[in-house]
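Coordinate analysis (summary)
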Amino acid sequence: MKAFSEIPAPAVAETCAAFGNDRHRLLDILLGLQSRWRWISPGAIAQVAEAVGLTPVAVQGVVSFYSFLSLEPKGRVTIRLCDDIVDRHAGYAEVLATFEGELGLKLGQTSPDGAFSLDQTPCIGLCDQAPAAMVNDIMLTRLTPETARRAARALKQDARPQDLVSPQFDALSPYARVQAAVANNIRRAGDVLLGEVPRDAGLRRAAQLKGPNIVALITASGLRGCGGAGFPTGRKWEMAAREPAERRFVICNADEGEPGTFKDRVLLTERPHLLFEGMTIAARTIGAREGILYLRGEYVYLRDHLEAVLAERRAAGLLGKAILGTAGFDFDIRIQLGAGAYVCGEEGALISSCEGLRGEPKTRPPFPVQRGYLGFPTVVNNVETLCHAARIIDRGPHWFFAMGTEGSHGTKLFSVSGDCASPGIYELPYGVTVRELLALAGAPDAAAVQVGGPSGTMIGRDSFDRRLSFDDLATGGAVIVFSGARNILEIVDYYLSFFVHESCGYCTPCRVGNVFLREAIAKFRHGHANAQDIADIRTLAATIIETSRCGLGTTSPNPVLSTLANFPLVYSAVSQPASDGLQATFDIQSAIENARGIAKRRSFVFDRDFSQ
Ligand SMILES: Cc1cc2nc3c(=O)[nH]c(=O)nc-3n(C[C@H](O)[C@H](O)[C@H](O)COP(=O)(O)O)c2cc1C
Ligand code: SF4
């Protein structure tokens with residue numbers, strides 16, 4: 001078919017050359033080809049392999065890993081509907097049916113004339129404005145059947161995706177384009193991140209300080225990583241600085257793929273200077289000259305805005321050589337775009353992805369602070385952590401330490417979504433109770449709250465007085481509200497499907513075990529389960545937790561374990577008596593106690609102790 005012919009060899013050569021024929025930039029090369037030619041053709045795979053010095057099989061392995069890269073031709077317009085559970089509850093099915101009807105396509109199909117592809121994708125970071133979709137690089141939010149119909153008809157009449165956002169799209173500044181497409185929904189601005197923030201005050205102080213002084217300030221503030229695991233930031237920076245090496249790196253983790261989490265999206269939009277300031281301070285501390293912002297593929301619409309901010313900072317002497325006139329303080333940042341793989345948020349996988357590899361977690365030790373990007377000491381920090389660090393250097397550690405709880409200092413951005421009147425971002429001190437947050441978000445009907453996304457824990461009304469902090473209920477940011485009208489087992493099924501979809505496949509227990517767990521939940525949903533199924537779930541969950549290589553696998557049974565522990569009646573209500581007909585043999589309470597025991601062996605956060 002003409003539209004899908006091989007990519008011309010000169011175009012492939014040009015794209016490879018633009019990235020120095022460097023195998024470590026393979027992901028950029030492939031994303032460049034995909035966005036222009038809509039697939040990675042067999043000839044292109046062979047040619048890229050030769051240009052960067054890899055085998056075609058290795059290049060094909062990278063293409064097949066990432067869901068935004070395609071071995072088959074995609075349409076000129078690819079519509080990716082977010083099928084997150086919040087989107088499902090907000091009307092995903094009706095929006096999908098509208099697109100299918102208007103485009104004459106089923107999910108997963110590409111039209112024969114190569115005009116459209118219709119796909120779905122897990123959470124795209126817009127749960128506060130669901131249902132949402134990506135149309136090529138453009139975000140559409142709060143879709144209804146009516147707006148979906150209008151969009152599909154306009155696209156069929158040759159409108160460009162950006163025309164759906166604004167007729168003046170091209171004339172807008174990069175920031176205004178982002179604003180036109182996506183709302184920030186900042187509901188509560190706290191003192192640290194979303195209130196008044198003086199530009200680069202922390203960096204100006206850091207330029208006068210030596211690395212160990214900065215480590216001392218960050219350590220004294222009590223700052224813990226905001227990506228989920230809560231590792232002390234000062235300790236991480238100190239360890240990277242201590243490691244003897246010729247090069248060091250700072251990587252900002254803006255992969256934000258956890259369903260229900262969208263706080264980093266708002267910081268990237270509203271506080272990019274603060275983020276880059278934080279990265280530059282981290283670089284000053286550990287002696288890094290190179291930094292990478294790993295931006296999830298779904299946030300490609302933010303790229304021009306972020307590049308504009310980087311250019312502004314270079315022009316102002318805040319990046320580049322002799323930052324702020326300080327001899328030897330050299331640092332610059334490049335943006336690495338991801339390509340649609342949740343596991344790439346795990347820091348080892350993220351580093352692999354930056355290196356142009358499949359986004360598979362690495363075996364540890366060594367930890368990234370010892371041997372990270374390209375084998376050099378690397379600090380990987382979440383967006384929010386780096387923003388906090390910049391504020392701490394400006395305002396001093398005691399100011400930050402005084403906020404929050406004994407084990408969790410400062411403020412936290414909570415991404416609240418689901419069944420509430422005011423979904424959005426709430427910056428509050430650690431230690432706020434779930435009940436207080438629900439009151440702010442307007443959720444009087446909340447019956448269950450998922451804290452920390454699929455890998456977190458689901459609590460019921462009896463636990464709403466628990467505190468959001470590392471001391472009690474930890475979350476990387478997601479707080480998803482479900483009313484009593486929602487089906488808990490449907491939610492559990494969705495989260496398990498998410499893990500099945502996102503497992504990198506390296507470990508059998510994670511790859512296969514989650515499929516079995518999902519099948520077990522299906523038995524409950526269809527009323528075919530009994531006591532033996534609870535026992536099987538328990539054994540399987542323990543195996544997955546014990547034998548998985550990374551945090552995705554070790555937390556993937558959490559949706560089952562936490563609902564078994566906190567919503568036992570949901571399970572017992574749909575269970576059958578044992579085969580001998582005696583309900584008494586079904587000791588659901590003891591089964592649940594066991595599940596509770598397993599669940600408590602691991603905290604409900606992204607990672608295990610990473611001791612890095
Ligand atoms: C499957 C998986 C996904 C993760 N996704 C993210 C993410 O999107 N953003 C993030 O900052 N950390 C994520 N993490 C945690 C990172 O591995 C790492 O701990 C974090 O980036 C460290 O930054 P911090 O110390 O500032 O929290 C993820 C971990 C796992 C296991
Ligand atoms: S636990 Fe799952 S995601 Fe992690 S390395 Fe193993 S297979 Fe991959």
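For the structure given in this document, a descriptive report is provided here. Because the structure is predicted, anything quoted here is derived from the model rather than measured.

To continue, consider the site of ligand 1. Around ligand 1, the structure places 20 residues, and the nearest of them are Gly227, Lys236, Glu256, Asn382 and Thr385. For ligand 1, an oxygen atom lies 2.9 Å from a polar atom in the backbone of Glu256. In the environment of ligand 1, an oxygen atom lies 2.9 Å from a nitrogen or oxygen atom belonging to the side chain of Asn381. For ligand 1, the accessible surface in isolation is 620 Å², of which the surrounding protein chains cover 98%.

Before going further, it helps to spend a moment on the pairing of strand 2 (residues 116-121). Burial within strand 2 is extensive, with 5 of its 6 residues counted as buried. Inspection of the sheet shows strand 1 (residues 77-82) paired to strand 2 by 6 bridges, in the parallel sense. Along strand 2, the bridge assignment pairs Ile79 with Leu118.

Now for the nonpolar core. In terms of nonpolar packing, the biggest core is built from 144 residues, with Trp237, Leu268, Leu275 and Leu293 touching the most fellow members. At 9 residues, helix 19 (residues 488-502) tops the list of elements feeding residues into this core. Among residues more than four places away in sequence, those in contact with Leu268 are Ala254, Leu275, Leu293, Leu295, Tyr299, Leu302, His305, Leu306 and Val383. In terms of nonpolar packing, the next biggest core, distinct from the first, is built from 22 residues, Leu103, Leu118, Ala133 and Ala148 among them.

Given a rise of 1.5 Å per residue, 13 residues ought to cover 18 Å, and the 18 Å separating the end C-alpha atoms of helix 14 (residues 303-315) matches this to within 8%. Turning to helix 14, its buried residues are His305, Leu306, Val309, Leu310 and Arg313. Seen from one end, helix 14 has its buried residues packed into an arc of 135°, which puts them on one side. Of the surrounding secondary structure, the elements contacted by the buried residues of helix 14 are helix 8 (174-181), helix 9 (201-206), helix 12 (263-270), helix 13 (272-286), strand 7 (290-295) and strand 8 (332-337). Looking one or two residues past helix 14, Gly317 carries a phi angle of roughly 75°, positive in sign.

The next thing to look at is the sheet that holds strand 8. Spatial strand order, 8-7-6-9: 4 strands in an open sheet with parallel pairing. Both edges of this open sheet fall to strand 8 and strand 9 (378-382), since each of them pairs with a single strand only. When the angles between neighbouring strand axes are averaged without regard to direction, this sheet yields 20°. Bridge analysis of strand 6 (residues 249-254) against strand 9 gives 5 bridges, and the strand direction is parallel. Among the inter-strand pairings, Val250 is bridged to a residue of strand 9, identified as Val379. Helix 2 (residues 26-37) contacts strand 7 and strand 8 of the sheet and is inclined by roughly 55° relative to strand 8.

The topology assignment puts Ser483 in strand 14 (residues 478-483). In this structure, the C-alpha to C-alpha distance between Ser483 and Asp445, residues 38 residues apart in sequence, is 5.3 Å. Setting aside chain neighbours within four positions, we find Ser483 in contact with Asp419, Asp445, Ala446 and Ala447.

So, about the packing of aromatic side chains. A full pass over the atoms with the stated rule returns 9 aromatic pairs. Ring centres of Phe249 and Tyr373 lie 4.8 Å apart, and the angle between their planes is 85°; this geometry places the pair in the edge-to-face category. Of the two residues, Phe249 sits in strand 6 while Tyr373 sits in the loop between helix 15 (347-354) and strand 9, which places them 124 residues apart along the sequence. With relative accessibility at 2%, the residue Phe249 sits in the buried group. Considering the side-chain rings of Phe498 and Phe499, the 5.6 Å spacing of their centres and the 65° angle between planes classify their relative orientation as edge-to-face. Assigned by exposure class, Phe498 and Phe499 land together as buried.

So, how was this worked out
Residues numbered from 1 in each chain as written. Chains lettered and ligands numbered in written order. Predicted model: local features only at pLDDT ≥ 70, side-chain atom pairs only at ≥ 80, totals over all residues. Heavy atoms only, no water. Near = heavy atom within 4 Å. Polar contact = N/O pair within 3.5 Å; in protein donor to acceptor, adjacent residues only side chain to side chain. Areas by Shrake-Rupley, 256 points an atom, 1.4 Å probe, with all protein chains shown as cover. Buried < 20%, exposed > 50% of the residue type's maximum accessible area, 1.4 Å probe, protein only. Helix = DSSP H or I, 4+ residues; strand = E, 2+ residues; numbered from the N terminus. Pairing = 2+ DSSP bridges. Core = buried A, V, L, I, M, F, W, Y, C linked by side-chain atoms within 4.5 Å. Contact = heavy atoms within 4.5 Å. Expected span 1.5 Å × (residues − 1). Arc of directions from axis to C-beta. Axes fitted to C-alpha atoms, helices over the stretch in contact; angles between N-to-C directions. Phe/Tyr/Trp six-rings, centres within 6.5 Å; stacked < 30°, edge-to-face > 60°.

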